[in-house]
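Working through the structure, step by step
Each chain is listed here by its residues.
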2 protein chains.
Amino acid sequence: MSSLPSPALDGAAPAGGSAPSQAPAFSPLYQQIKGLILHSLQHGEWKPGEAIPSEMELAARFRVSQGTVRKAIDELAAENLLTRRQGKGTFVATHAERQVQYRFLKLLPDSGDARGEAPAQRTILECRRLRAAADVARALALRTGDAVIQVRRVLSFAGVPTILEDIWLPGHTFKGLSAEQMASHQGPTYAMFELDFGVRMVRAEEKLRAVLPDEQQAQWLAISTSTPVLSVERLAYTYNDAPMELRRGLYRTDTHHYHNALS
Amino acid sequence: MSSLPSPALDGAAPAGGSAPSQAPAFSPLYQQIKGLILHSLQHGEWKPGEAIPSEMELAARFRVSQGTVRKAIDELAAENLLTRRQGKGTFVATHAERQVQYRFLKLLPDSGDARGEAPAQRTILECRRLRAAADVARALALRTGDAVIQVRRVLSFAGVPTILEDIWLPGHTFKGLSAEQMASHQGPTYAMFELDFGVRMVRAEEKLRAVLPDEQQAQWLAISTSTPVLSVERLAYTYNDAPMELRRGLYRTDTHHYHNALS
DNA sequence: GAGTGGTCTAGACCACGCG
DNA sequence: GCGTGGTCTAGACCACTCA
């Protein structure tokens with residue numbers, strides 16, 4: 001309404017005086033609104049699974065039209081941070097939702113039903129607190145020697161060991177994470193992270209390679225050392241593009257395959 | 001305007017009489033407009049790289065408001081079928097664009113610049129016309145024995161052979177495709193397909209596995225048979241979800257990795 | 001300065017979920 | 001029947017491109 005498309009909300013005031021070396025960085029209103037909603041999301045004003053205020057309420061709060069907050073929410077929904085449900089409201093997305101469970105797991109059985117019923121049996125091999133090696137620290141934006149928690153586990157589908165992975169987490173954020181917790185929670189591990197540690201994984205990047213397992217790895221996966229496996233290194237991020245988890249996994253691809261949709 | 005949100009455009013008339021076993025399948029206006037634009041795209045009313053009519057023109061043509069065609073175009077742009085350029089117009093997307101070249105190629109060098117300058121050197125090993133085997137036919141929605149063109153090639157980066165792949169194409173659509181053509185065109189192969197055959201690849205699905213190369217494959221890739229490689233099977237689709245290309249590739253992952261962003 | 005896409009508004013009405 | 005998100009409109013103004 002009265003608020004101009006000026007940077008009143010994002011603080012990027014155009015310099016009046018000296019040489020404007022950079023572009024004025026025009027930022028549309030809905031982007032600023034998006035930033036405000038994101039801020040509330042980050043700071044836990046609404047928890048995963050909860051409804052956020054209605055579009056009308058937010059429009060009133062921010063003194064903009066419904067259409068503007070609508071566009072902001074549209075983008076956040078497209079990024080999987082929010083979930084819209086017609087007639088009910090807009091909700092903070094969560095990895096616990098039936099629909100998008102295991103959103104980051106792209107391994108599918110070769111034959112049969114999409115994401116076959118069996119929700120993976122977890123075997124925790126290790127869960128300990130240690131000091132971050134250089135590479136792990138760099139990935140997680142920590143300093144070498146900072147406390148991290150390492151979890152090693154095997155995921156089995158229909159009784160067949162299929163994934164062997166190491167998980168590294170910042171010790172500070174995940175203080176108190178136990179093997180018990182890793183083993184016995186219901187549903188996706190990322191859902192447990194949300195519930196028990198208030199950490200929501202928002203996006204991730206993976207690097208894939210074909211490798212041969214070593215003696216011990218082969219044993220855990222019940223294959224021979226001459227059976228190639230898929231090496232998957234994943235860096236998962238929370239809000240604000242902050243890295244929060246490093247995973248190094250070995251996937252058996254004799255019974256499963258990594259599925260990727262390109263568009 | 002005068003046109004109600006009735007199915008005047010998509011023909012899904014709600015049954016007046018007998019038991020409506022299915023939902024009336026309400027389809028918003030902008031979806032119908034999207035369908036009409038898609039139809040024009042499929043039938044080549046506007047060619048890859050060309051501008052489509054302005055939003056105002058389309059709004060007038062379809063007798064709807066600018067906002068409605070805008071939403072239709074928004075979705076088509078999100079699906080990479082159109083490209084918007086502020087101040088210039090909306091263009092039919094193409095694989096020849098500098099920006100999104102090699103959009104479907106997820107292999108990156110381990111160290112160094114994103115998509116390092118060298119645009120891959122192609123070596124065509126084979127290019128022949130043959131009858132489709134059962135699996136190839138099924139993938140391409142052909143009948144076993146139908147004509148297909150098979151191309152085998154090696155892609156090298158900085159002189160190092162990195163990808164060995166077989167490509168199968170429907171013989172009918174790609175009639176006359178030659179080894180010469182596969183070898184000497186500029187830019188992405190998919191851009192050549194657009195220019196020479198009017199076929200635009202819109203999306204694709206890949207299945208990844210870790211495998212060991214056989215004797216001959218290892219030779220082409222200049223590695224040993226005990227070096228695991230990434231097996232990538234890709235099915236690429238044109239408009240209308242029609243499968244148009246099957247690829248089976250072996251990627252070296254000792255110097256490169258397959259990169260995937262999850263969100 | 002004309003034309004294109006991009007933003008923002010205000011208001012009407014529709015489809016959906018739930019009490 | 002109410003509240004929520006979803007659609008559609010009409011019009012104003014802004015940012016960008018190009019001649």
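Please read these numbers as outputs of a predicted model, since none were measured by experiment. (Residues numbered from 1 in each chain as written. Chains lettered and ligands numbered in written order. Predicted model: local features only at pLDDT ≥ 70, side-chain atom pairs only at ≥ 80, totals over all residues. Heavy atoms only, no water.)

1. Brief notes about the domain arrangement of chain A
Residue and element names in this part refer to chain A. The domain boundaries assigned to chain A delineate domain 1 (6–92) and domain 2 (107–258). Counting residues at the interface gives 7 residues for domain 1, matched by 5 residues for domain 2. Overall, the association of domain 1 and domain 2 removes approximately 530 Å² of surface from exposure, summing both partners, and the carbon and sulfur fraction of that is 61%. Here domain 1 is connected to domain 2 by 2 residue pairs in polar contact (both at pLDDT 80 or more). Looking at which element gives the most residues to the side of domain 1 that touches domain 2, the answer is helix α1 (residues 29–42), with 3 residues. (Domains from an automatic or database assignment. Contact = heavy atoms within 4.5 Å. Buried area = accessible area lost by both parts, 1.4 Å probe. Polar contact = N/O pair within 3.5 Å; in protein donor to acceptor, adjacent residues only side chain to side chain. Helix = DSSP H or I, 4+ residues; strand = E, 2+ residues; numbered from the N terminus.)

2. A short note on helix α1 (residues 29–42) of chain B
Residue and element names in this part refer to chain B. Look at α1: 20 Å from first C-alpha to last across 14 residues, which is about the 20 Å you get at 1.5 Å a residue. What α1 keeps buried is the set Tyr30, Gln32, Ile33, Lys34, Ile37, Ser40 and Leu41. As for α1, its buried residues are in contact with α2 (55–62), α3 (66–78), β2 (82–85) and β3 (89–92). Residue Gly44 follows α1 closely and has a positive phi angle near 70 degrees. (Expected span 1.5 Å × (residues − 1). Buried < 20%, exposed > 50% of the residue type's maximum accessible area, 1.4 Å probe, protein only.)

3. Here we look at the nonpolar core
One finds Phe174, Leu177 and Phe193 of chain A together with Phe174, Leu177 and Phe193 of chain B to be the most contacted residues of the largest nonpolar core, which totals 57 residues. For Phe174 of chain A, the contacting residues outside a window of four places in its chain are Ile149, Leu169, Phe193, Phe197, Val199 and Met244 of chain A. (Core = buried A, V, L, I, M, F, W, Y, C linked by side-chain atoms within 4.5 Å.)

4. Notes on the interface of chain A and chain B
Each partner contributes residues to the interface: chain A has 31 residues there, and chain B has 31 residues. Taken together, the two surfaces of chain A and chain B that pack against each other cover about 2,500 Å², and 53% of this comes from carbon and sulfur. When residues of chain A are sorted by the area they lose upon contact with chain B, Asn260, Leu262 and Ser263 of chain A head the list and together hold 25% of the total. Here chain A and chain B share 2 salt bridges between them. Between Arg209 of chain B and Asp110 of chain A there is a salt bridge, with its nearest N and O atoms 2.4 Å apart. Counting the contacts that link chain A with chain B gives 21 residue pairs in polar contact (both at pLDDT 80 or more). Among the elements that line the side of chain A that touches chain B, the one with the most residues is strand β8 (residues 203–211) of chain A, at 9 residues. Partitioned by chemical class, the residues of the side of chain A that touches chain B number 13 nonpolar, 8 polar and 10 charged. (Salt bridge = Lys/Arg side-chain N within 4 Å of Asp/Glu carboxyl O. Nonpolar A, V, L, I, M, F, W, Y, C, P; charged D, E, K, R; others polar.)

5. Let's talk about unusual backbone geometry
Residue and element names in this part refer to chain A. Positioned with a positive phi, Tyr102 is a non-glycine residue whose angle comes to about 55 degrees. Among the structural elements, Tyr102 can be located in the loop between β3 (89–92) and β4 (107–109). On the accessibility criterion, Tyr102 (24% relative accessible area) is partly exposed. The phi dihedral of Asp241 falls on the positive side, at around 60 degrees, and the residue is not glycine. Following the sequence through the fold, Asp241 ends up in the loop between β9 (229–237) and β10 (243–251).

6. Looking at the sheet that holds strand β6 (residues 147–157) of chain B
Strand pairing in a sheet relies on backbone hydrogen bonds, with the paired strands running either antiparallel or parallel. In spatial order, the strands read β4(A)-β11(A)-β8(B)-β9(B)-β10(B)-β7(B)-β6(B)-β5(B); together these 8 strands make up an open sheet with antiparallel pairing. On the outer flanks of this sheet lie β4 of chain A together with β5 (121–131) of chain B, each paired with one strand and no other. Between one strand and the next, the sheet's axes are offset by a mean angle of 25 degrees, whatever the strand orientation. As paired elements, β6 of chain B and strand β7 (residues 160–170) of chain B share 10 bridges and run antiparallel to each other. Each residue of the ladder has a partner; that of Val154 of chain B, found in β7 of chain B, is Leu164 of chain B. Helix α6 (residues 189–197) of chain B rests against β5, β6, β7, β9 (229–237) and β10 (243–251) of chain B of the sheet, and its axis sits at about 160 degrees to β10 of chain B. (Pairing = 2+ DSSP bridges. Axes fitted to C-alpha atoms, helices over the stretch in contact; angles between N-to-C directions.)

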